[in-house]
Amino acid sequence: MKLTADRIVDAGMAVFAESGYHGLSMRRVAERLDTFAGSLYYHVPSKSHLLHLMADRLAQQAYDAGTAALASLPDSADWKARVEAQATSLRITIRQHPGGAVLFADSPKVLSAGALSLMERLLQTLADGGIPEDRRGIAADALLSYVTGFVLQEQGSPASLPVTEQDVADLAKRFPMTVAAAARPEEEQFSLSVQLICVGFGNA
């Protein structure tokens, strides 16, 4: 198959999913494409440029998913529902890529157009909700950081030591409220968390 920037990004995403940032190299991407590293540079001049393209693709996918989620809302949906739709679609998108949370967290640093589009739309949603201008940026950044951190935990490695039922029972006796809170299903926890964050935005 013809070597293209899109194919290189595909391979880069696969290597990143397996090995993370430090394991990503142009040589390993080339090996995955069954070619030589030198042949990649015509399309993607450096590892940093490749990371830029990867982060931008992920952010653009999240933006497109958010567009679809917003379109599915009823006309009567308020700004909080629109914020939750964007947060939920972002979480779903970055979860689809192993290591996606780490990659997305770096997307603003590489001036990803996709990431900036996500932020711009979120800021507009907050403006429509009457959030004061001097607080919108902090509010939007806090929400995106929460979503990224939530997925980072979801994508984290499992515990090195197995947790037994007895371990859970013992912890429940010592820390009953904490264990009860942690038992809430992740989908429900995420949704309620975003709703609470929006309440905070409205009361700030």
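Only a predicted model underlies this, so the values are computations on that prediction, with no experimental measurement involved. (Residues numbered from 1 in each chain as written. Predicted model: local features only at pLDDT ≥ 70, side-chain atom pairs only at ≥ 80, totals over all residues. Heavy atoms only, no water.)

Looking at this model, I keep getting lost on the packing of helix α4 (residues 79-95) against helix α6 (residues 113-128). Mind explaining?
For any two helices packed against each other, the geometry comes down to the angle between their axes and how far apart the axes lie. Where α4 meets α6, the axes come as close as 9 Å, and the angle between the chain directions of the two elements is 160°. Here α4 lies roughly antiparallel to α6, going by the angle between them. Once α4 is placed against α6, the crossing between them reads as left-handed. Note on element contacts: α6 touches α4 through Leu118, Arg121, Leu122, Thr125 and Leu126, opposite Trp79, Arg82, Val83, Gln86 and Leu90. Counted by class, the contact of α4 with α6 contains 6 nonpolar, 2 polar and 2 charged residues. (Axes fitted to C-alpha atoms, helices over the stretch in contact; angles between N-to-C directions. Helix = DSSP H or I, 4+ residues; strand = E, 2+ residues; numbered from the N terminus. Parallel < 35°, antiparallel > 145°, perpendicular 65-115°, else oblique. Left-handed = near helix turned anticlockwise from the far one by under 90°. Contact = heavy atoms within 4.5 Å. Nonpolar A, V, L, I, M, F, W, Y, C, P; charged D, E, K, R; others polar.)

I keep staring at helix α10 (residues 186-203) and nothing clicks. Help me out?
An α-helical segment advances 3.6 residues per turn. Residues three or four places apart therefore align on the same side. With 18 residues, α10 should cover 26 Å at 1.5 Å per step; its first-to-last C-alpha distance of 26 Å lies within 8% of that length. Among the residues making up α10, those that are buried are Phe190, Ser191, Ser193, Val194, Cys198 and Phe201. Along the axis of α10, the buried positions cluster into a sector of 160°, meaning they face one direction only. Exposed and oriented more than 90 degrees from the buried face of α10 are Leu196 and Asn203. Looking at the buried positions of α10, the neighbouring elements they touch are α4, α6 and α7 (133-154). (Expected span 1.5 Å × (residues − 1). Buried < 20%, exposed > 50% of the residue type's maximum accessible area, 1.4 Å probe, protein only. Arc of directions from axis to C-beta.)

Looking at this structure, I do not really get the environment of Asp10. What am I missing?
Here Asp10 is to be found in helix α1 (residues 5-23). You can call Asp10 partly exposed: its relative accessible area is 41%. Once the C-alpha coordinates of Asp10 and Ile138 are considered, the two residues, 128 residues apart in sequence, prove to be 33 Å apart.

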